[in-house]
Amino acid sequence: MIERLCIIGVGLIGGSLARALREAAYVKEIVGSSRSAEHLQKAVDLGVIDRYDTDAYKAVQGAELVFVSVPLGAMAAVFEAIKDALADGAVVTDGGSAKASVVEGVKKALGTMPAWFVPGHPIAGTEQSGVEASFADLYKGRRIILTPTAETDAEAVKKVRAMWEATGASVNEMDVEHHDEVLAATSHLPHMLAFTLVESLARMSEQREIFEYAAGGFRDFTRIASSDPVMWRDICLANRNALLAMVGNFRDDLDDLTSAIRDQDAGRILRIFQDAKAARDAFAG
Ligand code: NAP
């Protein structure tokens, strides 16, 4: 059980962790912090946190565990703000969607990679944001990836693993670079495709008609284009090398399909679609 947990960034990810740990009776007190007192007061009103301080330096004091779930572009500044306020033995982890940029940011802010920091990423989320969108079951049955570095203390990893397991999630460990490559393929590229498709259609002169006649397929494919633009801008920039490699592969494959359509190569088109259906059915099953 955690005596005092501090959550910096009480939005969808941080708020859902708070709700899940409360439901599991795994935490005694939760202190929140972010820029807006109004957002934090809402989190108190919803019963997600017990109290808050907009000054992260003050919020982390006396906390046994600190979870940082702010947009990637704000991570390094948070670590800079809290580094001298942490209690002895405190463990810090995060939920950022790309890991190399967070690790680099922490190293830069602290001048070294601290043993008490366990980089992490819950593979769970929705296209909604803010504490109002948070819910206790978000992590149930989902995977959490921890990416400890050579410097990370094994006991700190154990503590973070136990916290996530209390939410009903299962925990895997991976190295930072591998995490960023895998997530570029499975999450970051699909978001880029959804954002680009919707933005491209929205610029067409007949856009009203296009959206009027769009059906379930369009809705399914584009749901994630409703995700927070700031968060996704940060992810794009933070994981740009792995993402650019995936975009390059995808562009080649799209060119291949385009040629098959231009050449009226029915066999090739069918093979691409059959392979895709088999892979998708296996994944969904
Ligand atoms: P969110 O709902 O928008 O919450 C972000 C929180 O960070 C808000 O409470 C915001 O509150 C606070 N914040 C923003 N800028 C800040 C700053 N400069 N300093 C301090 N607090 C700040 O976003 P989220 O979806 O929970 O995402 C949080 C993190 O989780 C991101 O790093 C994201 O990459 C990662 N993640 C997201 C998902 C997903 O599907 N959404 C999944 C896995 C991981 P104020 O406005 O009051 O500052």
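Just so it is clear, the structure is predicted and the values come from calculations on it, not from any experiment. Per chain, the residues get numbers from 1 upward, laid out in the order the sequence is written. Totals for whole chains, interfaces and linings use every residue, but because this is a predicted model, local features are given only for residues with pLDDT of at least 70 and side-chain atom pairs only at 80 or more, for both listing and counting. Derived side-chain values reflect all non-hydrogen atoms in the structure, with water molecules and hydrogen atoms excluded from consideration.

## Side note on the overall build of the protein chain
Stated formally: Comment: elements are numbered from the N terminus, with helices defined as DSSP H or I runs of at least four residues and strands as E runs of at least two. For this measure, only C-alpha atoms enter the radius of gyration; the expected value for a globule follows 2.2 Å times N^0.38, where N is the number of residues. For every residue, the accessible area obtained with a 1.4 Å probe (protein chains only) is divided by the maximum for its type, and the residue is called buried under 20%, exposed over 50%, and partly exposed between those limits. Between two residues, a contact is recorded if the distance between any of their heavy atoms is within 4.5 Å. Charged-residue counts in this description rest on Lys and Arg as positive and Asp and Glu as negative, His and the chain ends being excluded. By convention, the charge on Lys lies at NZ, on Arg at CZ, on Asp at CG and on Glu at CD.
Helices and strands together make up the secondary structure of the protein chain, namely 12 helices and nine strands. Computed over its C-alpha atoms, the radius of gyration of the protein chain comes to 21 Å, within 12% of the 19 Å expected for a compact globule of 285 residues. The buried share of the protein chain, reckoned over its 285 residues, is 40%. Partitioning the contacts of the protein chain with sequence separation of at least 6, the portion at a separation of at least 24 is 72%. The distance from the centre of the 30 positive side-chain charges to the centre of the 41 negative ones in the protein chain is 2 Å.

## Some details on the pattern of salt bridges
Formally: Salt bridge, as used here, is a side-chain nitrogen of Lys or Arg placed within 4 Å of a carboxyl oxygen of Asp or Glu.
In the structure shown here, the tally under the stated rule is 20 salt bridges. Salt bridges sharing partners connect three or more residues here, namely Arg4, Glu29 and Arg51.

## Regarding the domain arrangement of the protein chain
Test applied: Where each domain starts and ends comes from a domain assignment, either automatic or drawn from a database. Here's the idea: put two parts together, see how much 1.4 Å probe accessible area each one loses, and the total over both is what we call buried area.
In terms of domain boundaries, the protein chain breaks down into domain 1 (2-174) and domain 2 (178-284). In this structure, domain 1 and domain 2 have C-alpha centres spaced 30 Å apart. Every contact between the two is made by 15 residues of domain 1 and, on the other side, 14 residues of domain 2. Taking both sides of the interface into account, the surface hidden between domain 1 and domain 2 amounts to around 1200 Å²; carbon and sulfur atoms contribute 67%. A per-residue breakdown of the area domain 1 buries against domain 2 is headed by Ser97, Glu127 and Met174, which together make up 43% of the total. At the surface where domain 1 touches domain 2, the tally comes to one salt bridge.

## Quick word on the site of the ligand
The condition is simple: We call a residue near a molecule or strand whenever a single non-hydrogen atom of that residue lies within 4 Å of it. Side-chain atoms alone can form a polar contact between residues adjacent in sequence; in general such a contact is a pair of N or O atoms within 3.5 Å, and within protein one must be able to donate a hydrogen while the other accepts it. Residue exposure ignores everything except the shown protein chains as possible cover, and the areas themselves are Shrake-Rupley values with a 1.4 Å probe. Asp, Glu, Lys and Arg are counted as charged, while Ala, Val, Leu, Ile, Met, Phe, Trp, Tyr, Cys and Pro are counted as nonpolar; the rest, among them Gly, fall into the polar class.
Near the ligand there are 27 residues, and of these Ser34, Arg35, Val70, Ser97 and Gly130 occur at the shortest range. Arg35 is positioned such that a nitrogen or oxygen atom in its side chain is 2.7 Å from an oxygen atom of the ligand. Surface burial for the ligand is 86%, taken as the share of its 890 Å² of free accessible area covered by protein chains. For the shell around the ligand, the class distribution of residues is 12 nonpolar, 14 polar and one charged.

## Structural notes on the nonpolar core
As a reminder of what qualifies: Residues enter a nonpolar core if they are buried and are Ala, Val, Leu, Ile, Met, Phe, Trp, Tyr or Cys, with the set joined through side-chain atoms within 4.5 Å.
Of all hydrophobic cores here, the largest spans 32 residues; its most connected members are Leu5, Val10, Tyr139, Leu146 and Trp164. If near-sequence neighbours (up to four positions away) are discounted, Leu146 is found in contact with Val118, Pro119, Gly120, Val157, Val160, Arg161, Trp164, Val171, Asn172, Glu173 and Met174. Counting residues in each nonpolar core, the second largest holds 31 residues, with Val66, Phe79, Val106 and Trp232 among its members.

## Things to note about the sheet that holds strand β9 (residues 170-173)
Formally: At least two DSSP bridges between two strands are needed for those strands to be called paired. Helix axes are fitted to C-alpha atoms over the stretch in contact, other axes to C-alpha atoms as well, and angles between N-to-C directions run from 0 to 180 degrees.
What the three strands build is an open sheet, ordered β7-β8-β9; its pairing is mixed. Of all the strands in the sheet, just β7 (120-123) and β9 have a single pairing partner and so form its edges. For this sheet, the mean inter-axis angle between neighbouring strands, taken without regard to orientation, is 25°. In the sheet, β7 pairs with strand β8 (residues 143-146) via four bridges, with the strands oriented antiparallel. Considered in β8, the bridge of Pro122 is made with Ile144.

## Things to note about the side chain of Thr152
When you line up the elements, Thr152 lands in the loop between β8 and α6 (154-166). From its side chain, Thr152 meets the backbone nitrogen of Thr149 in a polar contact 2.8 Å long. In contact with Thr152, not counting residues within four places along its chain, are Ala115, Phe117, Val118 and Val157.

## Here's the deal with the packing of helix α7 (residues 176-202) against helix α10 (residues 229-238)
Quick note on the threshold: Any angle that falls under 35 degrees is termed roughly parallel, while one over 145 is termed roughly antiparallel, one within 65 to 115 roughly perpendicular, and all others oblique. Crossing handedness: left-handed means the near helix sits turned counterclockwise from the far one by under a right angle, and right-handed means the same turn made clockwise.
Contact geometry of α7 with α10 gives a least axis separation of 11 Å together with a crossing angle of 125°. When the axes of α7 and α10 are compared, the pair comes out oblique. Between α7 and α10 the crossing geometry is left-handed. Together, Ser187, His188, His191, Met192 and Phe195 of α7 and Trp232, Ile235 and Cys236 of α10 make up the contact between the two elements.

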